[in-house]
Amino acid sequence: MEKITRISNELKDWIQQTLRSGVNPESIVAAMVKKGFDQSFAYSTMLRILNKQSLETVDASQSPYMYEPIDLAKRGNIIATTDREIKVLLKMDKPFITYLDNVLSTEECDQLIHLSRNRLQPSEIIDPITGEKKSVPGRTSKGAYYHLNETSLISTIERRLAEITSHPIEHGEGLQVLNYDVGEEYKAHFDYFPANQVDTEKGGQRVATFLLYLNDVAAGGETIFPKIGLSIVPKKGTAVYFHYGNSYGQVDRMSLHSSIPVLTGEKWVATKWIRQTTISQKKKTEEVLSK
Ligand SMILES: O=C(O)CCC(=O)C(=O)O
Ligand SMILES: [Fe+2]
C-alpha cells in the first residue's frame, strides 16, 4: 500500500492540540503509523511541528470555511426569552462570536456554583488515540457534569439557551460546570471533534459552544481566541456564544480558544456544547424494541 506523505490542515491541528493536551510525541507518531503514514514522514512531521517549522499542508476536505447566516445575528440588540432579556454586547461574523450580558441572574450563578462544589472531578479530554477519557496536563480545571433537565435550575437555563441560540435543547450536551484555581488553565483547543470521531448516530459534530461566566475573576482567566486576538474577560452572568460548524459538515479553525491561567481568585464557568442533531438514542431504542 502506498504510504501517505502529506498532511491535511485538520491533521496538523489535531497533532498540535494533542501535543498541547500533554500526550507524548511518540504515541502520536505511533498512532499516525497505525493509520498508514510513512514512519519517517510521521517522525519528520512531528519534529517540524515541535520545532515550529513550516509544513506543507493540504486542505483535504474543503476550504475555505463557508459562513452561513446565524439566527442570533439577526435578532437585534436585546433577545427576549420566556423569562429574561438578554443584551448583546459584542458581535463578530467571521468567526461567529457573540458576547451576551444578563444571561444568568446572580442567584442562578451562585446556585450553579453551590450545586457543583461537592461534585467536581478533574477535567478530562477524550484521548484522540484511544478514544478513552483521561486527565491531561493541558486541562487542569475541575468539572461537574449534569444530565439534560437534571434539576429545575438546569432545565430553566437549558430552555433559555435554546431560545437564545435557536438550537433545540436535545441538540445540547449536558451542562458542564468548570472550576479553575490559581494557575489552572485550558490550553488552546477546538471544541469540535476530529472528523474520524464524529458519531452521526449520536448527535454528529459539535457546531457551537455556549460558555457562561458564573463569577468575576480578579486577574487572569480570560477566554482567548488567539487566531483573531480576542480576549473575553469573565463577568458574572455574561456568556460568550460561538459557532463553528456549518451545514456542509465543515468546521471553522478560527474558533481555536483557550482559558489562560487564573492569576488571582478562582474562575467558574458552565459550558454547553451543541451538536448538529439530537444526541439521545432513546427514540431509536424505542423504535427497535417496538419491532
Ligand atoms: O473556561 C473557558 O474560558 C473556556 C472553556 C472551554 O473552552 C470549554 O469548556 O470548551
Ligand atoms: Fe472549549
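Residues numbered from 1 in each chain as written. Chains lettered and ligands numbered in written order. Predicted model: local features only at pLDDT ≥ 70, side-chain atom pairs only at ≥ 80, totals over all residues. Heavy atoms only, no water.

Under an unreviewed UniProt entry, the name given to the protein is 2OG-Fe(II) oxygenase, and the organism recorded is Cytobacillus mangrovibacter. What the UniProt record of the protein gives under Cofactor (unreviewed entry) is the line "L-ascorbate". (UniProt positions renumbered as here; feature names shortened; annotations may be inferred.)

A. View of the coordination of the iron ion (ligand 2). At the metal site, the iron ion (ligand 2) is ligated by H189 (NE2), D191 (OD) and H257 (NE2), and these contacts range over 2.1 Å. Counting along the primary sequence, the residues that act as donors to the iron ion (ligand 2) give the motif H-x1-D-x65-H. A residue pair is termed long-range when its members are at least 10 positions apart, and D191 in the loop between β11 (186-189) and β12 (206-213) and H257 in strand β17 (residues 257-259) qualify at 66 residues. Judged by relative accessible area, which is 5%, D191 ranks as buried. We classify H257 as buried; its relative accessible area is 5%. (Donors = N, O, S within 2.8 Å, 3.2 Å for Na, K, Ca; no water. Helix = DSSP H or I, 4+ residues; strand = E, 2+ residues; numbered from the N terminus. Buried < 20%, exposed > 50% of the residue type's maximum accessible area, 1.4 Å probe, protein only.)

B. Spatial organisation of the pairing of β12. The buried count for β12 comes to 8 of 8 residues, which makes it a mostly enclosed element. When β12 meets strand β19 (residues 267-275), the two strands line up antiparallel, connected through 7 bridges. Paired with R206 across the two strands is R275, which belongs to β19. Where β12 and strand β16 (residues 239-243) come together, 5 bridges link them in antiparallel fashion. Directly across from T209, in β16, lies its bridge partner F242. (Pairing = 2+ DSSP bridges.)

C. Molecular detail of helix α1 (residues 9-20). In a regular helix each residue adds 1.5 Å, so 12 residues correspond to 16 Å; α1 covers 16 Å between its end C-alpha atoms and thus fits that length. Of the residues making up α1, those classed as buried are N9, L11, D13, W14, I15, T18 and L19. Two residues or fewer after α1 comes G22, characterised by a positive phi angle close to 105 degrees. (Expected span 1.5 Å × (residues − 1).)

D. Seen up close, the side chain of S141. Positionally, S141 belongs in the loop between β8 (133-134) and β9 (142-145). Residue S141 is classed as buried on the basis of its relative accessible area, which comes to 1%. Other than its neighbours up to four places away in sequence, S141 contacts P122, S123, L178, N179, Y180, E184 and E185. (Contact = heavy atoms within 4.5 Å.)

E. How the structure looks around the packing of aromatic side chains. Using the criterion set out here, one finds 9 aromatic pairs in the structure. Look at Y99 and Y213: their rings are 6.4 Å apart centre to centre, the planes differ by 75 degrees, and that puts the pair in the edge-to-face class. Here Y99 is found in strand β5 (residues 96-101), whereas its partner Y213 is found in strand β12, with 114 residues between them in sequence. Take Y213: its relative accessible area is 0%, and that puts it in the buried class. Between Y192 and Y244 the ring centres are 6.0 Å apart and the planes differ by 55 degrees, which places this aromatic pair in the tilted class. With a gap of 52 residues between them, Y192 in the loop between β11 and β12 and Y244 in the loop between β16 and β17 connect regions that are remote in the sequence. Judged by its relative accessible area of 10%, Y192 falls in the buried class. Since its relative accessible area comes to 0%, Y244 is described here as buried. Site record: aromatic cluster; members linked through ring pairs are F190, Y192, F225, F242 and Y244. Over the aromatic face of W273 sits the side chain of R206, whose NZ or CZ is 3.9 Å from the ring centroid. (Phe/Tyr/Trp six-rings, centres within 6.5 Å; stacked < 30°, edge-to-face > 60°. Lys NZ or Arg CZ within 6 Å of the ring centre and 35° of its normal.)

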